[in-house]
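# Structural description and commentary
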Amino acid sequence: MTTPTPGGSEAARLEALWSGDFGQQYVARNKDAGHDRGAFWSSLLARTQARTVLEVGCNVGANLVHVSEHVPPVDVWGVDVNLDALGIIRSRLPQVNSGYAVARNLPFRDGWFDLTFTVAVLIHVPEDAFALAVGELVRCARRHVLVVEYFAAETTEVNYRDQTGAFFKRDYGRLIGGLFPELTLEDSGELTKAEGFDDGLGWWLFAKP
């Protein structure tokens, strides 16, 4: 059961959007995404030495398929709000742990994972729930938090398939650093289609004290 929170109404609207027909259409469009992401994840996981990993918004496992090549699958977790996506990931990666959860209320203990991360998920978190979602990533991480999201110097809403309030480009490094000054920005960069990601995505790797 999700605990009611400030900003919960708009966040709940978007969670329902992604768990329903709109989200199922996204799943169908992206079933084969992520084939070329192996090099990125190999480098990132070698650097962080993470042995327990959580992806928030795992969809069909485009990232976890690579993560589980370097981390024992029993110690890899993915959560999502779309049941169709979870069904696919359970079929593809049966040894990886997957389940339903919303980004603003994760069902894990503090510091349970060496690494928590998102890929193109925080862009779909509304402004009034953004700090809640990032706070959960930080709370559940023991060592590192990684976000891979669309960058803009100033927060910019994008009309996404005729949906409003559903896609925000942001300077995630600056915003997360401001919300959680105890984090250290270890590194950041840009990603391309050649690396298996959409152009315009940036990544930010934060370390916890």
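Just so it is clear, the model here is predicted, and its values are computed rather than measured.

What counts and what doesn't
- Residues numbered from 1 in each chain as written.
- Predicted model: local features only at pLDDT ≥ 70, side-chain atom pairs only at ≥ 80, totals over all residues.
- Heavy atoms only, no water.
- 1 Å grid on protein atoms, 1.4 Å probe; cavity = no way out; pocket = protein on both sides within 12 Å on 5 of 7 lines; lining within 4 Å.
- Points joined across faces, edges and corners; volume = space filled by probe spheres on them.
- Nonpolar A, V, L, I, M, F, W, Y, C, P; charged D, E, K, R; others polar.
- pLDDT = per-residue confidence, 0-100.
- Contact = heavy atoms within 4.5 Å.
- Salt bridge = Lys/Arg side-chain N within 4 Å of Asp/Glu carboxyl O.
- Helix = DSSP H or I, 4+ residues; strand = E, 2+ residues; numbered from the N terminus.
- Buried < 20%, exposed > 50% of the residue type's maximum accessible area, 1.4 Å probe, protein only.
- Pairing = 2+ DSSP bridges.
- Axes fitted to C-alpha atoms, helices over the stretch in contact; angles between N-to-C directions.
- Parallel < 35°, antiparallel > 145°, perpendicular 65-115°, else oblique.
- Polar contact = N/O pair within 3.5 Å; in protein donor to acceptor, adjacent residues only side chain to side chain.

Taken as a whole, the largest pocket spans an internal volume of roughly 910 Å³. In terms of lining residues, the largest pocket is bounded by 47 residues, among which Y26, V119, A120, V121 and H124 are the most central. Here the residues of the lining of the largest pocket are counted per class, giving 28 nonpolar, 10 polar and nine charged.

Quick look at the confidence of the model for the protein now. Averaged over all residues, the pLDDT of the protein equals 94, while 96% of them reach at least 70. Ignoring residues within four places in sequence, the model shows residues 1–7, a span with pLDDT below 50, making 12 contacts including any to other chains.

Now for the pattern of salt bridges. Tallying each qualifying case throughout the model produces 10 salt bridges. With its nearest N and O atoms 2.7 Å apart, the salt bridge here joins R13 to E10. One end of the pair, R13, and the other, E10, are both in helix 1 (residues 8–19), three residues apart, so they sit about a helical turn from each other. Looking at R13, the relative accessible area reads 34%, which means it is partly exposed. You can call E10 partly exposed: its relative accessible area is 26%. Salt-bridge contacts for R174 lead to D171; the nearest nitrogen and oxygen are separated by 3.6 Å.

This part takes up the pairing of strand 5 (residues 141–150). Buried residues dominate strand 5, accounting for eight of its 10 residues. In terms of strand pairing, strand 4 (residues 113–119) meets strand 5 through six bridges, oriented parallel. By the bridge assignment for strand 5, T118 is matched with V147. Inspection of the sheet shows strand 5 paired to strand 9 (residues 201–207) by seven bridges, in the antiparallel sense. By the bridge assignment, V145 is partnered in strand 9 with F206.

For the pair helix 6 (residues 130–140) and helix 7 (residues 172–179), interaxial distance at closest approach is 11 Å and the crossing angle is 80 degrees. Relative to helix 7, helix 6 is oriented roughly perpendicular. Here F130, A131 and V134 of helix 6 come into contact with helix 7, specifically with Y172, L175, I176 and L179. Taken together, the residues of the contact of helix 6 with helix 7 sort by class into seven nonpolar, no polar and no charged.

Turning our eyes to something else, we now look at the environment of T52. Take T52: it is sitting in the loop between helix 3 (38–48) and strand 1 (53–56). The buried category is assigned to T52, whose relative accessible area is 17%. For the pair T52 and D21, spaced 31 residues apart in sequence, the C-alpha separation works out to 32 Å. With near-sequence residues (within four places) excluded, T52 lies in contact with V71, D75, W112, F113, D114, L115 and R142. A polar contact is formed between the side chain of T52 and the backbone nitrogen of D114, at a distance of 2.8 Å.

With that settled, the discussion passes to the side chain of H66. Within the secondary structure layout, H66 lies in helix 4 (residues 64–67). Accessibility expressed as a relative area gives 9% for H66, which makes it buried. Here G34 takes part through its backbone oxygen, which lies 2.6 Å from a polar atom of the side chain of H66. In this view, H66 contacts G34, H35, R37, G38 and W41; residues no more than four positions away in its chain are not counted.

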